[in-house]
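Single-letter residue listing:
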Amino acid sequence: MTDPTGIVSPDELFAVDSLLSDEERDIRASVRSLVERSFAPRIAGWFESGRIPAAELARELGDLGLLGMHLHGYGCAGTSAVAYGLACLELEACDSGLRSLVSVQGSLAMFAIHTYGSEEQKERWLPEMAAGRAIGCFGLTEPDFGSNPSGMRTAARRDGDDWILTGTKMWITNGSVADVAVVWARTEQGIAGFVVPTDTPGFTANPITSKLSLRASVTSELVMDDVRLPSSARLPGATSLRAPLSCLNEARFGIVFGALGAARDCLETAVDYARTRVQFGRPIAGYQLTQQKLADMSLEYGKGLLLALQLGRRKDAGLIRPEQISLGKLNNVREAIAIARAARTILGANGITTEYPVLRHANNLESVLTYEGTSEMHTLMIGQALTGESAFR
Ligand code: TGC
Ligand code: FAD
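The shown structure was predicted, so the numbers you read here are calculated from the model rather than taken from an experiment.

Grouped together as the largest cluster of nonpolar side chains are 99 residues, with contacts concentrated most on F39, L61, F138, W184 and L235. In terms of residue count, the dominant contributor to this core is helix α7 (residues 242–276) (17 residues). Look past the residues within four positions of L235 in its chain and what remains in contact with it is A112, I113, Y116, G117, Q121, V182, W184, G193 and V195. Core analysis: the next-biggest nonpolar cluster, separate from the first, contains 18 residues, I172, A178, V196 and A233 among them.

What follows deals with the packing of helix α4 (residues 81–94) against helix α8 (residues 288–316). Orientation of α4 relative to α8, taken along the N-to-C sense of each, is 145°, at an axis distance of 8 Å. Facing A81, V82 and L89 of α4, the residues of α8 in contact are L305, L309, G312, R313, K315 and D316. In terms of residue class, the contact of α4 with α8 is built from five nonpolar, one polar and three charged.

Let us now look at the domain arrangement of the protein chain. By domain assignment, the protein chain separates into domain 1 (10–131), domain 2 (136–233) and domain 3 (245–387). Averaged C-alpha coordinates put domain 1 and domain 2 at centres separated by 23 Å. Facing the 25 residues of domain 1 at the interface are 20 residues of domain 2. Summed over both partners, the interface of domain 1 with domain 2 buries about 1,700 Å², with 70% contributed by carbon and sulfur atoms. Seen at the junction of domain 1 and domain 2, the total is zero salt bridges. Our count for the contact surface shared by domain 1 and domain 2 stands at five residue pairs in polar contact (both at pLDDT 80 or more). Among the elements of the structure, α2 (22–49), α5 (96–116) and α6 (119–131) are those that each provide at least two residues to the side of domain 1 that touches domain 2. Per-element accounting of the side of domain 1 that touches domain 2 gives the leading share, 11 residues, to α5. The residue makeup of the side of domain 1 that touches domain 2, split by class, is 14 nonpolar, seven polar and four charged.

Our next topic: the layout of surface pockets. By volume, the largest pocket amounts to about 1,400 Å³. In terms of lining, the largest pocket is formed by 46 residues, of which the most central are G146, L248, R252, E372 and G373. Those elements giving two or more residues to the lining of the largest pocket turn out to be α5, β5 (162–173), α7, α10 (358–370) and α11 (375–387). Sorting elements by how many residues they give to the lining of the largest pocket places α7 first, with eight residues. When its residues are assigned to classes, the lining of the largest pocket shows 20 nonpolar, 18 polar and eight charged. Within this model, the second largest pocket holds a volume of roughly 490 Å³.

Contacts to ligand 2 come from 18 residues, most closely from T141, S147, W171, T374 and E376. Side-chain polar atom of T374 to an oxygen atom of ligand 2: 2.7 Å apart, as the coordinates give it. At 2.8 Å from an oxygen atom of ligand 2 is found a side-chain nitrogen or oxygen belonging to E376. Protein chains shield 67% of the accessible area of ligand 2, which is 970 Å² for the free molecule. Of the pockets mapped on this structure, ligand 2 occupies the largest pocket. The residue inventory of the shell around ligand 2, partitioned by class, reads nine nonpolar, seven polar and two charged.

Attention shifts here to the pattern of salt bridges. Side-chain pairing between opposite charges can occur once the charged atoms of the two side chains come close. Inspection of the entire model under this criterion finds 21 salt bridges. R28 is the partner of D17 in a salt bridge, and the nearest nitrogen-oxygen pair spans 2.9 Å. Linking D17 in the loop between α1 (10–13) and α2 with R28 in helix α2, this pair joins segments that are 11 residues apart in sequence. By relative accessible area, D17 is classed as partly exposed at 33%. A salt bridge links R321 to E323, with the nearest nitrogen and oxygen atoms 2.6 Å apart. Each of the salt bridges in this network shares a partner with another, and the network as a whole consists of R32, E90, R264 and E268.

The next thing to look at is the packing of α2 against helix α3 (residues 54–63). Helix-helix packing is characterised by the crossing angle of the two axes and by the distance between the axes. Between α2 and α3, the shortest axis-to-axis distance is 12 Å and the interhelical angle comes to 160°. With respect to α3, the element α2 is oriented roughly antiparallel. For α2 against α3, the interelement crossing comes out left-handed. Listed contacts from α3 to L34, S38, F39, R42 and W46 of α2 are E56, L57, E60 and L61. The residue inventory of the contact of α2 with α3, partitioned by class, reads five nonpolar, one polar and three charged.

Conventions adopted
- Residues numbered from 1 in each chain as written.
- Chains lettered and ligands numbered in written order.
- Predicted model: local features only at pLDDT ≥ 70, side-chain atom pairs only at ≥ 80, totals over all residues.
- Heavy atoms only, no water.
- Core = buried A, V, L, I, M, F, W, Y, C linked by side-chain atoms within 4.5 Å.
- Buried < 20%, exposed > 50% of the residue type's maximum accessible area, 1.4 Å probe, protein only.
- Helix = DSSP H or I, 4+ residues; strand = E, 2+ residues; numbered from the N terminus.
- Contact = heavy atoms within 4.5 Å.
- Axes fitted to C-alpha atoms, helices over the stretch in contact; angles between N-to-C directions.
- Nonpolar A, V, L, I, M, F, W, Y, C, P; charged D, E, K, R; others polar.
- Domains from an automatic or database assignment.
- Buried area = accessible area lost by both parts, 1.4 Å probe.
- Salt bridge = Lys/Arg side-chain N within 4 Å of Asp/Glu carboxyl O.
- Polar contact = N/O pair within 3.5 Å; in protein donor to acceptor, adjacent residues only side chain to side chain.
- 1 Å grid on protein atoms, 1.4 Å probe; cavity = no way out; pocket = protein on both sides within 12 Å on 5 of 7 lines; lining within 4 Å.
- Points joined across faces, edges and corners; volume = space filled by probe spheres on them.
- Near = heavy atom within 4 Å.
- Areas by Shrake-Rupley, 256 points an atom, 1.4 Å probe, with all protein chains shown as cover.
- Sits in = over half its atoms within 2 Å of the grid points.
- Parallel < 35°, antiparallel > 145°, perpendicular 65-115°, else oblique.
- Left-handed = near helix turned anticlockwise from the far one by under 90°.

What follows is the structure, given as structure tokens:
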């Protein structure tokens, strides 16, 4: 709704609501309300302390049906991809760490089990994970294999009917608070996925505490030292690297929307600040250089949102291609980080504190730029689609 002063928000400038269904607007409003009521008042403290009440957050997110929300059955809400994207946007408007918790739970760990798991695995884990009573993580990256997971060293070998899993995964979101880990490993038959309860002997998760980014998110190293698993722990439908890479499409899609949430919060903060901060006798909002920054930030935010909605509609129609998700992830994270940095300049010295969210968002977005495929990887995926030439190797 338009402000009595005639001021419009960036969403209103682009008339975004006219592109959404009633259900999508309702879901967006519910998530925004949860964020404002429960998370926003506490986020700066979590970021500063580097600690989050993960179990409590998972329950709250599960109660609202946000975990695995675009999956069908097994206690999942079965919403549209666009609705899921809008939920990611609202969560990331608070903090990228909250969106990460939801992305990894729903789009990586639950999606892997939902798509490649046995009926027994789905029944055992998905309803608990959808409710937030069980937390999942997804172990693909290793210390020496980030952008190139095909080189992974984590291996699983047969011992009678069992599997023995050995190796180290690095930078794993939710790792040390997870009840279940989806772990990708090399086998004699190719790359396979395993559903590993984290209390299995030989499995250890070590928190990574030295982060300057995504401090309101748990990131861990997973060490598997001869973890013995029954035959039923293997994801039967996952037979090559294609399986984990297909899971990444889901999480990357959430980031296409999510990053814009961080951008919107920075933009709104900058507008509010500029209207009240007086220098040289006038609000800094009245200076052309400030207005140019705000206009450019709004333009990139709105263009990113239109791109996200186009990709969301393609996904809902079952027509989206991985390189299209790369377009969205590359553009929207790159522009979100630029918006966060521009907002920081408008706030001057206040912009470097946790009293305002802008540098927290900018720092978080450094991780978002790197995880789920670095900006360079997505550039190369688009380049490959345009030319037919692979420039990865
Ligand atoms: P390549 O030979 O290209 O592909 C192997 C097989 O996979 C297929 N494929 C895909 N399928 C579905 N979706 C995709 N996006 C796919 N990309 C590739 C491909 O068609 C092939 O299938 P097939 O049947 O012919 O065997 O494999 P490559 O080794 O050359 O690698 C390609 C590359 C560089 C694109 C891939 O390795 C890559 O995406 N690297 C980036 C790694 C990455 O993004 N890691 C993310 C880890 S998870 C994470 O960061 C979570 S962050 C927390 C949060 O989300 O909040
Ligand atoms: P590298 O692959 O070593 O890349 C370093 C630099 O080299 C980058 O700029 C990269 O773009 C560039 N580069 C590499 N290869 C090429 C090339 N061929 N051409 C041009 N440039 C190249 N992983 C998981 O599996 N699960 C998780 O839950 C998870 N959560 C994460 C949470 C956080 C906070 C972070 C920071 C990371 C997380 N990751 C997770 C890991 C993430 O996916 C990797 O960090 C990412 O894939 C990049 O790998 P890397 O850090 O090893 O960088």
